[in-house]
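Chain residues, written in single-letter form:
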Amino acid sequence: MNAYVYGYGAEGKERLIVVDLGVTFPDMDGSPGVDLIMADAGWLEENVDRIEAVFITHAHEDHIGALPHLWPRLKKPIYARRFTAKIGALKLEEAGIASDQIHVVEPRPQVIEAGPFKVQFVPVSHSIPESSALVIDTPAGRVVHTGDFKLDGNPIVGEAFDPMLWHQIAKEGEGVKVLVCDSTNVFSHQPGRSEATLAAPLTELIAAQEGMIVATTFASNVARLKTLAEAGRAAGRSICLLGRAMKKMVTAAEETGVLKGFPGTIPAEQAVEIPRNNLMLIVTGSQGERRAASAQLSRGKYLGLEMKEGDTFLFSSKTIPGNERGVIRIMNAFSEMGVDVVDDHGGKYHTSGHANRPDLEAVHDLLRPKMLVPMHGEHRHLREHAKIAMSKGIASEVATNGTMLDLTGDAPKVVEYIEAGRTYLDGSVLIGALDGVVRDRIRMALNGHVLITVIIDEDDVPLGDAWVELMGLPETGKRGVPLADQIEDELAEFLERAPDKVLANDSKMDEAIRRIARQVSMEEIGKKPEVTVVVSRLLAE
Ligand SMILES: [Zn+2]
């Protein structure tokens, strides 16, 4: 859920630019029922008059996904390259926002002036078309914000890594003052591999299969989709793309001219007519997402297509930590069908979109920055990257979420911590991660829920018995008698004996009834459920 802010100017009055507005994804443990997670834009909203523009480096969800949700609170011009702008525009349109807010930028030498900033987009190779680093010039010096990148001399789709271009950027003016640099693969010690190295092994693998082949990868990895489709065509197979996100990406890439020569594809209705050994499906859901095409196929028929014994399912992808359970569930489901599941084979059928450690060091050496601020990665990645920089005499600082660094001196200096939590998209509403909504939801999920209704008449006398309803709890426990009945019995005794001053006081009633319900539940079923008490009072005429 990337969201970087650069500022320049007098203290507290700096003009600001925002780089990337991304999302991350919820999980059942920490954020059940939540749809998306993004940075808390509270500080940006408070300082909205100081923001000049928003720049988006590339169209991965963790860099662009929050645009339709947070942009309405900022309403500043958005700058991105053509393909990224197209994906951003689709997102805004889906949210009912006019997409003319996005300005298409050509790569360097075009310069966008935004207040005191002069910004250039520099093509980098990554795992999505038209990824860009930003060269941000300020009166205090030059910042290079790499975005996600790898060093790939032949990325299949999009521009190759161009060392001369980077050399030029390092040479101009006073050189690079600050490198804000991707750290995702800092623990990978081998040099990264080019996307082009996958074509031969994938072609060989696919040619050797006899049944239907289904391959999955990230929908946005357009280069991989092309390599897979070409490998399928080479084996005489018709190609069918399944999954909305994948079709959207390929269409956007073709429309914006970044993807050319993608093999012709057939729709699912036509694919069902084709003999299995002449068919290849390329599907969404490489991370085990429950609603994606791969999960649908693992549960049975999907759009008339079905996996069978002798078919092959290929993960041309890496499982992102945290998604293992979903992926393994799918692998086992296919296994039960007699389908051969092939994973990335230690990198034979997949290569990362991020620079490995030797490549990061090559960039340090190429740009020779005075300071390095590690970004993208967990804390352990950032810390390792900072250590590498410092061992080479480059001043560095780990900036965790909310950290404000002063970059005008000789070393990054922490000057402030800004309140920077998380915002959840919950259904159609944005809520704060600490608002209590999800905390209550987790409690109900873990403990179950008891609803108790009591009616009190005009004279503060209970009218009939308390009424108990359970949700998410076993009906009976230790004694084999319905739990609801037992709570009702205990409450009947309580209401009979309760002093007038308790019966007349809502909060005392609430507290006493809640305590009784939890006590009875604890004895009977060994759990203390969440309890909602409703005291209805009849009013005197
Ligand atoms: Zn990315």
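Read on for a plain summary of the structure. Quick caveat, the model's predicted, so the values are computed rather than measured.

1. Considering the overall build of the protein chain
Logical step 1: Within the protein chain one finds 17 helices and 26 strands.
Logical step 2: Taken along its principal axes, the extent of the C-alpha atoms in the protein chain is 85 × 70 × 45 Å.
Logical step 3: Buried residues in the protein chain amount to 50% of all 541 residues.
Logical step 4: Sequence separation of 24 or more characterises 70% of the internal contacts of the protein chain that already satisfy a separation of 6 or more.
Logical step 5: Summed over all atoms, the accessible surface of the protein chain reaches about 25,200 Å², with 49% contributed by carbon and sulfur.
Logical step 6: In the protein chain, 58 side chains carry a positive charge and 78 a negative one; their mean positions are 6 Å apart.

2. Comments concerning empty space enclosed by the protein
Logical step 1: Counting across every chain of the model gives 2 cavities of 30 Å³ or more.
Logical step 2: Roughly 120 Å³ of volume is contained in the largest cavity.
Logical step 3: Among the residues making up the lining of the largest cavity, the classes are represented as 7 nonpolar, 6 polar and 4 charged.
Logical step 4: As a volume, the second largest cavity reaches approximately 40 Å³.
Logical step 5: In this structure, the second largest cavity is lined by V124, A133, T146, F149, L151, F161, W166 and V363.
Logical step 6: Residue classes in the lining of the second largest cavity are distributed as 7 nonpolar, 1 polar and no charged.

3. Topic: the pattern of salt bridges
Logical step 1: With the rule as written, the count across this model stands at 28 salt bridges.
Logical step 2: Where D311 meets R276, a salt bridge forms, and the shortest distance between an N and an O atom there is 2.5 Å. Here D311, found in the loop between helix 10 (293–299) and strand 16 (312–315), pairs with R276, found in the loop between helix 9 (268–271) and strand 15 (279–283); they are 35 residues apart in sequence, far enough to count as distant.
Logical step 3: Judged by relative accessible area, D311 falls into the buried class, the value being 1%.

4. Some remarks on the packing of helix 4 (residues 82–94) against helix 8 (residues 244–255)
The geometry of a pair of packed helices is captured by two quantities: the angle between their axes and the separation between those axes.
Logical step 1: The interhelical angle for the contact between helix 4 and helix 8, taken along N-to-C directions, is 130°, at an axis separation of 9 Å. With respect to helix 8, the axis of helix 4 lies oblique. With respect to the hand of their crossing, helix 4 and helix 8 are arranged in right-handed fashion. Of helix 8, the residues touching helix 4 (which contributes F83, K86, I87, L90 and E94) are R244, K248, M249, A252, A253 and E255.
Logical step 2: Each residue belonging to the contact of helix 4 with helix 8 can be placed in one class, and the counts come to 6 nonpolar, no polar and 5 charged.

5. Digging into the nonpolar core
Looking at soluble globular proteins, one finds that nonpolar side chains tend to be buried together.
Logical step 1: Ranked by internal contacts, the top residues of the largest apolar core, which has 33 residues, are F83, M280, I282 and L314.
Logical step 2: Residue assignment for this core shows that the elements contributing at least two residues are helix 4, helix 6 (199–207), strand 13 (213–216), helix 7 (222–234), strand 14 (238–242), helix 8 and strand 15.
Logical step 3: Looking at this core element by element, the count peaks at 6 residues for helix 7.
Logical step 4: Aside from chain neighbours lying at most four places away, what touches M280 is I206, I213, A215, L228, G232, R237, S238, I239 and C240.

Here is what the cut-offs are and how they apply
- Residues numbered from 1 in each chain as written.
- Predicted model: local features only at pLDDT ≥ 70, side-chain atom pairs only at ≥ 80, totals over all residues.
- Heavy atoms only, no water.
- Helix = DSSP H or I, 4+ residues; strand = E, 2+ residues; numbered from the N terminus.
- Buried < 20%, exposed > 50% of the residue type's maximum accessible area, 1.4 Å probe, protein only.
- Contact = heavy atoms within 4.5 Å.
- Areas by Shrake-Rupley, 256 points an atom, 1.4 Å probe, with all protein chains shown as cover.
- Lys, Arg positive; Asp, Glu negative; His and termini not counted.
- Charge placed at Lys NZ, Arg CZ, Asp CG, Glu CD.
- 1 Å grid on protein atoms, 1.4 Å probe; cavity = no way out; pocket = protein on both sides within 12 Å on 5 of 7 lines; lining within 4 Å.
- Points joined across faces, edges and corners; volume = space filled by probe spheres on them.
- Nonpolar A, V, L, I, M, F, W, Y, C, P; charged D, E, K, R; others polar.
- Salt bridge = Lys/Arg side-chain N within 4 Å of Asp/Glu carboxyl O.
- Axes fitted to C-alpha atoms, helices over the stretch in contact; angles between N-to-C directions.
- Parallel < 35°, antiparallel > 145°, perpendicular 65-115°, else oblique.
- Left-handed = near helix turned anticlockwise from the far one by under 90°.
- Core = buried A, V, L, I, M, F, W, Y, C linked by side-chain atoms within 4.5 Å.

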